[in-house]
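A closer look at the structure
Take a look at the letters that make up each chain.
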Amino acid sequence: MRQISYSDAIREALTEELRRDEDVFLMGEDIGAYGGAFGVTRGLIDEFGAERVMDTPISEGTTAGAAIGAALEGRRPVVEFMFMDFIALAADQLLNQAAKLRYVFGEQASCPLVIRTPTGGGRCYGPTHSQSLEAWFVHVPGLKVIAPATPYDAKSLLKTAVRDPDPVLFLEHKMLYKQQGQVADDDEHDDCRGILPLGEARIAREGQDITIVAWSGMTREAEKAAEELEKSDVEAEVVDMRTLSPMDTETLLASVRKTGCVLIVQEAPRTGGVGGEISARISENIYEYLDAPVRRLASPDVPFPASPVLEERMIPDKNRIVEVAVEMLEEGI
Amino acid sequence: MDENVEYYRQMLLIRLFEQRVEQLFTEGVIRGTMHPCTGQEAVAVGVMAALSPSDYITSTHRGHGHFLARGGDPRLMMAELFGKKTGYSGGRGGSQLMGDYSLGFLGGNGITGGSIPVATGVGLSLKRRQQDAVAVCFFGDGASNQGTFHESLNMAGLWDLPVLYVCENNAYAMSTPVHQALSIENVADRAGAYGFPGVSVDGNDVSAVRKAVVEARARACRGKGPSLIECKTYRLSGHSRGDQRRYRSAEEEQKAWQQDPIRRFREKLESEGFMDPDGTDQLQHEVQQQLEQAEQFARESSFPDPDDLEKGLYATDQL
């Protein structure tokens, strides 16, 4: 398999789906000639034209709503929001419109819509360009939420998302765009090649001493921490959730049953985050397997600051994961 | 039947449907809330009379009239209001969320202005397909102050989308008179800011509404883009069930009743010889019977199975 970047993997997924299905089209701010704020759609307008790679006015609410309308009319729109923070402007369309359609109107209301958007800090972009707001949407029945951590998953899960008949939020972490990794090749004889189902977590690394649960950008930190822990003979298992809604509780529980010890790492502020939901699922189901209380490592409950010094303190990293993991294992003994 | 008589029948159906439904709410037979469109029947019927079966419609919280005029089945609508399984949304949507996509009727909306972007997107898709079809977007004077109105009309004007924005200016956004919320006199005048035509018509005149929509539709189908049609009308009922209407006087309402679109139209049809008093009585009797049957259907239908509560959220788990 080829090695490409996370950002190239997303572009490949879009390219292949645009070629495969005439009804697929892209909408977003500055996604045409500019290629999107992070360059993900660069060059697509040359192959597919301005009608399928549509630059929109700065109107997140109507862009999301127009994508819903087009989806109801049989299209498969893929919208890019420049930063996840801007999704607040489209909240009504996603929560009150897209998410309710199938449940209320039934089979007649199919809304195959994908919203792609970059999340996360690490670039000193400050309070309104750094947030990871996945918990808002995981809380809304009717929306699916994907947060891939590798180029392989980014490409494969985006292709799945484009083909999915329901609205999907596809979260791309800014700090992963340059990360290299293998991807599945397109195959003209098998257009399902490399397609991954939604709702399956991935064991990023096997181990039996402690489970570290992460998704999106935190997966890489968790893997680095696991490598570090190995030096002290601790075998950490890293579970990459990949899809936050629907959530793969089975894979999660299987890992915790094995290790008896679990640390959840979340980049978003602690309170009300997805980590709390994961923790509850473990406690409710397999409390008796736990050798220590479930722990969460998350950003503190403050807005994302811009200064590099403050941002560094804000986001959990490899060193803090190692620190907490060691602490937990010592307490467990 | 003469088309005018048919328009009259539809307006009467809407009026009597809303009256009966209000009564059923008052009696506690129907739970929740509803927003009657009493007084606005000419807008619903006039717009639908100008459309083709291939067109799409998005409606509002005050949408029963739109749906009935488009051919919605009163039995399934009534069942939805009763919260029954046989209702258009299986009892999940209630008054504001029922639709029939086979009629191009994409449903009402619980969010003021929420459907304006959706209709715009339907128009975007129709333009790509180069079909002889338009998207019609109903909204009120209140919704014209939402941000989505500006975003959507700008986009539709920019891309010449086949969308007809039909503003039902019924003089009140809940209790707020239109002059207290709108910085200009006519919503239609806002169209100029987006580079396409806007017209204000007498929304209590079914023929005037129909004519304006026929013209706007023809223009859109010629690839000339959207139009804004403001239908000036008056909400003779309260905003919703339980509205005591303390914000306006009895005199004002009496004056408005003199402009009742149904009475005006009946007088016109009778004076022009399309109908006689016996004929109108007969029509009224038929409509009443239809509504009685609808109510009976709703009463006799089963409630949804609570065990199905969690089904049908995604395509992979259809109800």
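Source: prediction; values computed, not measured.

**Some points on the packing of aromatic side chains**
- Inspection of every chain in the model, using the stated rule, returns 16 aromatic pairs over all chains.
- Considering the side-chain rings of Phe105 of chain A and Tyr101 of chain B, the 6.1 Å spacing of their centres and the 45° angle between planes classify their relative orientation as tilted. Here Phe105 of chain A, found in helix H5 (residues 101-105), pairs with Tyr101 of chain B, found in the loop between helix H4 (74-81) and helix H5 (115-129), and the two come from separate chains. Of the two residues examined, Phe105 of chain A and Tyr101 of chain B, each falls in the buried class.
- Ring geometry for Phe67 of chain B against Tyr88 of chain B: centres 4.6 Å apart, planes inclined by 45°, an arrangement best described as tilted. Of this pair, Phe67 of chain B sits in helix H3 (residues 64-70) while Tyr88 of chain B sits in the loop between H4 and H5, placing them 21 residues apart in sequence. Of the two residues, Phe67 of chain B and Tyr88 of chain B, both sit in the buried class.

**A look at the interface of chain A and chain B**
- With 41 residues of chain A at the interface, the matching set in chain B holds 39 residues.
- Regarding the contact of chain A and chain B, the summed buried area is about 3300 Å², with carbon and sulfur atoms giving 58% of it.
- Between Arg129 of chain B and Glu73 of chain A there is a salt bridge, with the nearest N and O atoms lying 2.7 Å from each other.
- Across the chain A-chain B interface, the total number found is 18 residue pairs in polar contact (both at pLDDT 80 or more).
- Elements represented by at least two residues in the side of chain A that touches chain B include exactly strand E2 (24-28), strand E3 (53-55), helix H3 (60-72), helix H4 (91-97) and H5 of chain A.
- Here the side of chain A that touches chain B takes ten residues from H3 of chain A, the largest share from any one element.

**Some words on the domain arrangement of chain A**
Residues and elements named next belong to chain A.
- Domains assigned within chain A are domain 1 (2-194) and domain 2 (202-332).
- Relative placement of domain 1 and domain 2: their C-alpha centres are 26 Å apart.
- Every contact between the two is made by 28 residues of domain 1 and, on the other side, 24 residues of domain 2.
- Between domain 1 and domain 2 lies a buried interface of about 2000 Å² when both sides are counted; carbon and sulfur atoms form 57% of it.
- Summed over the shared surface of domain 1 and domain 2, the result is two salt bridges.
- For the pair domain 1 and domain 2, the interface holds 13 residue pairs in polar contact (both at pLDDT 80 or more).
- Of all the elements in the fold, those that place two or more residues in the side of domain 1 that touches domain 2 are helix H6 (134-138), strand E6 (144-146) and helix H7 (151-163).

**A short note on the pairing of strand E14 (residues 295-299) of chain A**
All names here are of chain A.
- Relative to E14, strand E13 (residues 262-269) runs parallel, the two sharing four bridges. Looking across to E14, one finds that Val265 is bridged to Leu297.
- With helix H10 (residues 274-286) bridging E13 and its parallel neighbour E14, the resulting β-α-β unit is right-handed.

**Brief notes about the packing of H5 of chain B against helix H6 (residues 147-158) of chain B**
Residue and element names in this part refer to chain B.
- It is at 8 Å that the axes of H5 and H6 come closest, and there the two elements cross at 15°. The pairing of H5 with H6 is recorded here as roughly parallel in orientation. The two elements H5 and H6 cross, and the hand of that crossing is left-handed. From H5, Ile116, Pro117 and Thr120 reach across to H6, where they touch Thr148, Phe149, Ser152, Leu153, Met155 and Ala156.
- Class assignment of the residues belonging to the contact of H5 with H6 gives a composition of six nonpolar, three polar and no charged.

**Brief notes about the confidence of the model for chain B**
- Mean pLDDT over chain B: 96, with 100% of residues reaching 70 or higher.
- Prediction confidence for the complex, expressed as pTM and ipTM, is 0.96 and 0.95 respectively.

**Looking at the nonpolar core**
- With 81 residues, the main nonpolar core has Met241, Ile278 and Ile282 of chain A together with Tyr165 and Leu228 of chain B as its most contacted residues.
- The element best represented in this core is H3 of chain A, accounting for seven residues.
- By size, the runner-up hydrophobic cluster in this structure holds 58 residues, among which are Tyr8, Phe67, Val136 and Val206 of chain B.

**A word on the environment of Gly35 of chain A**
All names here are of chain A.
- Within the secondary structure, Gly35 is located in the loop between E2 and helix H2 (44-48).
- Residue classification places Gly35 among the buried residues on the basis of a relative accessible area of 0%.
- Separated by 38 residues in the primary sequence, Gly35 and Glu73 have C-alpha atoms spaced 27 Å apart.
- If sequence neighbours within four positions are ignored, Gly35 has contacts with Asp30, Val40, Thr41 and Arg42.

**Here we look at the sheet that holds strand E2 (residues 135-140) of chain B**
All names here are of chain B.
- On the basis of which strands lie adjacent, the open sheet formed by five strands has the order E1-E2-E3-E7-E6 and parallel pairing. The strands lining the two open edges of the sheet, one partner per strand, are strand E1 (56-58) and strand E6 (198-202). Direction aside, the axes of adjacent strands within the sheet are offset by 20° on average.
- When E1 meets E2, the two strands line up parallel, connected through three bridges. What sits directly across from Tyr56, in E2, is Ala135.
- Relative to E2, helix H2 (residues 41-49) is tilted by about 170°, and along the sheet it contacts E1, E2, strand E3 (163-169) and strand E7 (227-232).
- Packed onto the sheet, H6 meets E2, E3 and E7 and runs at close to 145° relative to E3.

The rules behind each value
- Residues numbered from 1 in each chain as written.
- Chains lettered and ligands numbered in written order.
- Predicted model: local features only at pLDDT ≥ 70, side-chain atom pairs only at ≥ 80, totals over all residues.
- Heavy atoms only, no water.
- Phe/Tyr/Trp six-rings, centres within 6.5 Å; stacked < 30°, edge-to-face > 60°.
- Helix = DSSP H or I, 4+ residues; strand = E, 2+ residues; numbered from the N terminus.
- Buried < 20%, exposed > 50% of the residue type's maximum accessible area, 1.4 Å probe, protein only.
- Contact = heavy atoms within 4.5 Å.
- Buried area = accessible area lost by both parts, 1.4 Å probe.
- Salt bridge = Lys/Arg side-chain N within 4 Å of Asp/Glu carboxyl O.
- Polar contact = N/O pair within 3.5 Å; in protein donor to acceptor, adjacent residues only side chain to side chain.
- Domains from an automatic or database assignment.
- Pairing = 2+ DSSP bridges.
- Right-handed = clockwise from strand over helix to strand, strands pointing away.
- Axes fitted to C-alpha atoms, helices over the stretch in contact; angles between N-to-C directions.
- Parallel < 35°, antiparallel > 145°, perpendicular 65-115°, else oblique.
- Left-handed = near helix turned anticlockwise from the far one by under 90°.
- Nonpolar A, V, L, I, M, F, W, Y, C, P; charged D, E, K, R; others polar.
- pLDDT = per-residue confidence, 0-100.
- Core = buried A, V, L, I, M, F, W, Y, C linked by side-chain atoms within 4.5 Å.

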